[in-house]
Every structure is written in C-alpha cells, then in structure tokens.
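Geometric and topological summary
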Amino acid sequence: MSSGENREPTEAELAEYSRDELVRLGGQLDGVEVVHNPDPWPVPGTRAEKRAERRTALWFTLSALAGLAFLGVFIWWPWQYRAPGQSGYFLYTLYTPLVGATLGCAVLFLAVGALYYVKKFLPHEVSVQERHDGPDTPAAQQTLLAQLADAGARSTIGRRSMIKRAAGAAAAVFGAGLVVLPVGGLVRNPWKDPNSEDSLWRTGWHSPNGETVYLRRNTGNPHEIVKIRPEDLDVGGFETVFPFRESERNNPEALSAAFTRSDNPVMLIRVRPGQEVVKRAGQEDFNYGDFYAYSKICTHLGCPTSLYEQQTGRLLCPCHQSQFDVFHYAKPVFGPATRSLPQLPITVDADGYFVARGDFIEPVGPAFWERKS
Ligand code: FES
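Predicted, not measured: the structure shown is a model, and the values here were computed from it. (Residues numbered from 1 in each chain as written. Predicted model: local features only at pLDDT ≥ 70, side-chain atom pairs only at ≥ 80, totals over all residues. Heavy atoms only, no water.)

Points about the UniProt feature "transmembrane region" (unreviewed entry) in the chain
- Summarizing the sequence annotation, UniProt attributes the feature "transmembrane region" (unreviewed entry) to residues 57–77, 89–118 and 166–187 in the numbering used throughout.
- The span residues 89–118 is 100% helix and 0% strand, and its two end C-alpha atoms sit 45 Å from each other. (UniProt positions renumbered as here; feature names shortened; annotations may be inferred. Helix = DSSP H or I, 4+ residues; strand = E, 2+ residues; numbered from the N terminus.)

Next up, the structure:
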C-alpha cells in the first residue's frame, strides 16, 4: 500500500495486507493522525523493564493472596455469635472486619496491578481524529480489528508470562470469592444428623434428658433469672421469653447462650378472656388457657416478628411486613411469609411457673429448599 492513497482497497487487496499496513490504513480511513507514539521500552530487557514487570506481578500476587485469605476467613473463621465475656468473643468480633479487609484488599491490589501495567507497558499514544458520520465500510471494520490486535501486541502482554500468571491467579481467586460470597451462606445440610441439638429440628426448648424447661424473662442481664407466671402478663399483653433449666443456674455460658441461640425466642401472648381462637389441627392443647406461645422467628426470612396489635391479634414482622393472625394459629394473612409461626406447647408447673411441654414439632424460621410448607 502506498501512503497517501485515497482509494479504498478491494477485499482481495485487503487480504494481502500485513497487520501494520492495516493499522496504517485504518488511521488514514478514520482521518487519524498519530502525533506521538513512543515505545515505553525501546530497549527490551533492561533492568528497569524487569523491575516494572516484577512490580506488576507483585500487585497481582498480593491480590491473589488477599483473595485466598478472604476465602479462608469466610469459610473457616469462627463467625457464630459470642456475647461479651464468653470465650471466643474476641475472635468473633474480628470476623466482619476481616471479611471486609481481605475482600477490599483483593479488589484494591487487582486494580493497582492493572493500573500499574497500563502505566508502564501500554504505549502512550497521542492521536488526533476528525469526526465522521455514517456506517463503517468493510475496510474500516477489518482495520479496526487489526488496530485492536496491534494494541494487544504492542502492550507486550503476550510475552510477559510472569504478569499473565499473577493476573490470572488474582482474577481466578477473586472470581471464586464472588461465587463463594452468595452461595456459601446457603450451604447447610438440614439432614445432617437431625438428632443433633444444633439441627434444624431442635431448638433450645428441647430437653433430651427430660429436665423441665421454664419460660424465662429477658431482663437485659443474662445472669439474672426471672421465671414467668401467668399473673406476670397483663390481659392482651405479650412478652419475649427464652428457655431456662435449673441445671444451668450457675453456668454463665449456658445462661448467655439461651439468649443468643437464634431459634430460641418465643412470644408469650395473653389474649383477652373470651377471645375466640382457631387452633391448628393436632395442636389444640398447646396453649395454656388464654396464653399462647409462638416462635418469634418469622417464617419468611427469619426476622423477629415483634410488633403485636392486641385488638386485631396481628403480629407484624417489620422486615417485609408479613402479618400473622394470633387468633388463627398465627397463620400468615399478609406479606411474603407462607407458613404459620410454629407454636410451643406450654403449661404451668406445680409452683405456678410457665414451662414448655416439649420442643416445637416443626422447624423454626424460614423455609428451606426441601421443606414442605
Ligand atoms: S423476614 Fe419477616 S416478612 Fe420477611
């Protein structure tokens, strides 16, 4: 191709062109004038070039290491809630900061590596171009592809295997982190040992040795034990209660754990005398007189359903506005929840304190993939 040629080449001529010629032709067709196009490393293999290459690879390697640290923290760090004073509290408090710091570093180092590579290895070309309208001709399309390929070749990424490996590792680890982040929280096998005290079929109200489980008031002090009697609750009132066993009276860890276990909170509700309540089939004797105990954990996504309106008997979950009808075995009547709140069977012992007659007879909380509503 001769320079200054105004005629567009035919397809047969284009097929004969080298990539450099196509690049030049593309510039001419687009009215582009390259003003300044220095090679960043005119003498290949200098110490400065090697240093720049090592630095770029270092940033990508740091990103990969931070990504691996994020995966490790997210999967293995002790994340279960610990109250102040409980063993493991300090490690628990580090969980969220470490997840944020490691993921943030992985993203930051990846970005710094990419910026450093662009700054050090891509040609810093300065070009001037006239604007034009209308669709591109075949020649313009082919020359554009040639220009892109040329830009890739001139970036010298093809021969920089250290940077390619480090960047590939960083991108792979970062990608794995993006998958683990949303999926990791969903991985729990509900069928793994259903008899375990931590399974979805057991709550803190379960009593494997038959010991009496009392309904306990939350006074804000995990070590203060206040058991509840029917006269403690006003007509139409309600209170959140937690399980308590006499064997745990002098065990501060167990007393705190009763408040922190997520499936333990129960709403003890006293309906007005004479209020007609529809009971669920098979659970006709779960209440004690006008007292009904329902799990406080919303069956939609597990928020606490703590807003009770005694006139209508509606329990409201503030998260997505599900409403449950306490006068109708706490079945959902509004919002996204589809299951009734599980009911705890209760009675009163010889001393007049509320006790649980057993654990819930169904899993507490949100539905899961194998659960039938
Ligand atoms: S968690 Fe209760 S409505 Fe969504």
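Some points on helix H2 (residues 19–29)
- When H2 is considered as a whole, its buried residues turn out to be Leu-22, Leu-25, Gly-26 and Gly-27.
- At the C-terminal side of H2, Gly-31 shows a positive phi close to 65°. (Buried < 20%, exposed > 50% of the residue type's maximum accessible area, 1.4 Å probe, protein only.)

As for the sheet that holds strand S10 (residues 331–334)
- Within the open sheet, the four strands sit side by side as S7-S8-S9-S10. Their pairing is antiparallel. Two strands in the sheet have a free side with no partner beyond their single neighbour: strand S7 (307–309) and S10. Put simply, the sheet's adjacent strands are angled 30° from each other on average, direction ignored.
- Of the pairings in the sheet, the one linking strand S9 (residues 323–325) to S10 comprises three bridges and is antiparallel in character. Across the sheet, residue Asp-325 finds its bridge partner in S10, namely Lys-331. (Pairing = 2+ DSSP bridges. Axes fitted to C-alpha atoms, helices over the stretch in contact; angles between N-to-C directions.)

As for unusual backbone geometry
- Here Gln-321, not a glycine, exhibits a phi torsion of approximately 65°, which is positive.
- Note on placement: Gln-321 falls in the loop between strand S8 (314–316) and S9.
- Phi at Ala-330 is positive, roughly 55°, even though this residue is not glycine.
- Summarising the element assignment, Ala-330 is placed in the loop between S9 and S10.
- Judged by its relative accessible area of 0%, Ala-330 is buried.

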